[in-house]
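Letter by letter, the chains look like this.
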Amino acid sequence: MPLRATLKRAIKCIFLLLALPFFGLFLLITAVTGSDASFASFSQWFSLIPGKAGVYFRAAFYRLACPSTSDEISIGFLTILSHRNTTIARGVYIGPQCNIGMCQIGENTLIGSGVHILSGNRQHDFSDVGRPIQEQGGEYQKVSIGKDCWVGNASILMGDLADHSILASGGVLTKRSLTTGEILAGNPAQPKRNRFQLDDNVEGQIHEKPSA
């Protein structure tokens, strides 16, 4: 293993040890208050830690608290996870000021800044006009974002996004997109083209590293 990778792994192990007392406190509070309520509070606190220390602390805590989540991830400043039932795979980048609901994010996916991932599109029932919407309940769904995707800044997702897909900045995905490699844009998001059907000129532009 190269020296740089070895040092990085050592630093991650140190932060994992530093995060253990917070995880223990989280488990203790969870036994009294409930998982999502206490998890959101801890997520808010960890989101306030700036710089590289914050990136390492968040990766360590979510590795311990969230199912099948890697610590080989980068989660930006002021980004909050709302549900413990969230899985983040290796190589995922999530920019600052995001709100992440119940979801699964595949390997090497890029999430820009200011992105909102909702826990599905059925969080609020509004069928009974005689009752306030906030009293009608709803259903949380675990949204799936595939591997090697790029979600642009200020996008909103309520449905699944297939592997290798792109959701353009400001796009609103209201239902699942099942076609691999789709490039979607707009509100509601509609497919514009497919990454596997691009000419060489356009493909070069798509594969440029985004300023997430």
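The following refers to the structure shown. (Residues numbered from 1 in each chain as written. Predicted model: local features only at pLDDT ≥ 70, side-chain atom pairs only at ≥ 80, totals over all residues. Heavy atoms only, no water.)

Below, the discussion takes up the sheet that holds strand β4 (residues 93-94). The strand order β1-β4-β7-β10-β12-β14-β15 describes an open sheet built from seven strands, whose pairing is mixed. For this open sheet the edge positions go to β1 (74-75) and β15 (190-194), each flanked by a neighbour on one side alone. Across two bridges, β4 lies against strand β7 (residues 110-111) in parallel orientation. By the bridge assignment, tyrosine 93 is partnered in β7 with leucine 110. (Pairing = 2+ DSSP bridges. Helix = DSSP H or I, 4+ residues; strand = E, 2+ residues; numbered from the N terminus.)

Right, let's talk about a positive patch on the surface for a bit. A contiguous patch of positive charge, built from Arg4, Lys8, Lys52 and Arg90, is present on the exposed surface. The topology assignment puts arginine 90 in the loop between β3 (87-88) and β4. (Patch = residues over 30% accessible without salt bridge, like charges linked within 9 Å, V, L, I, M, F, W, Y side chains within 5 Å. Areas by Shrake-Rupley, 256 points an atom, 1.4 Å probe, with all protein chains shown as cover. Salt bridge = Lys/Arg side-chain N within 4 Å of Asp/Glu carboxyl O. Lys, Arg positive; Asp, Glu negative; His and termini not counted. Charge placed at Lys NZ, Arg CZ, Asp CG, Glu CD.)

Here five strands make up an open sheet; going across it, the order is β2-β5-β8-β11-β13 and the pairing parallel. Each edge of the open sheet is held by one strand with a lone partner, namely β2 (80-81) and β13 (172-173). Looking at chain direction, strand β8 (residues 116-117) and strand β11 (residues 156-157) are connected through two bridges and run parallel. Residue pairing in the sheet places isoleucine 117 in a bridge with leucine 157 of β11.

Looking now at the packing of helix α2 (residues 35-47) against helix α3 (residues 51-65). For the pair α2 and α3, the least separation of the axes is 10 Å and the interaxial angle reads 165°. Compared by their axis directions, α2 and α3 come out roughly antiparallel. In the crossing of α2 with α3, the sense of the turn from one axis to the other is right-handed. Contacts between α2 and α3 involve Phe39, Phe42, Ser43, Phe46 and Ser47 on the former and, on the latter, Phe57, Arg58, Phe61, Tyr62 and Ala65. (Axes fitted to C-alpha atoms, helices over the stretch in contact; angles between N-to-C directions. Parallel < 35°, antiparallel > 145°, perpendicular 65-115°, else oblique. Left-handed = near helix turned anticlockwise from the far one by under 90°. Contact = heavy atoms within 4.5 Å.)

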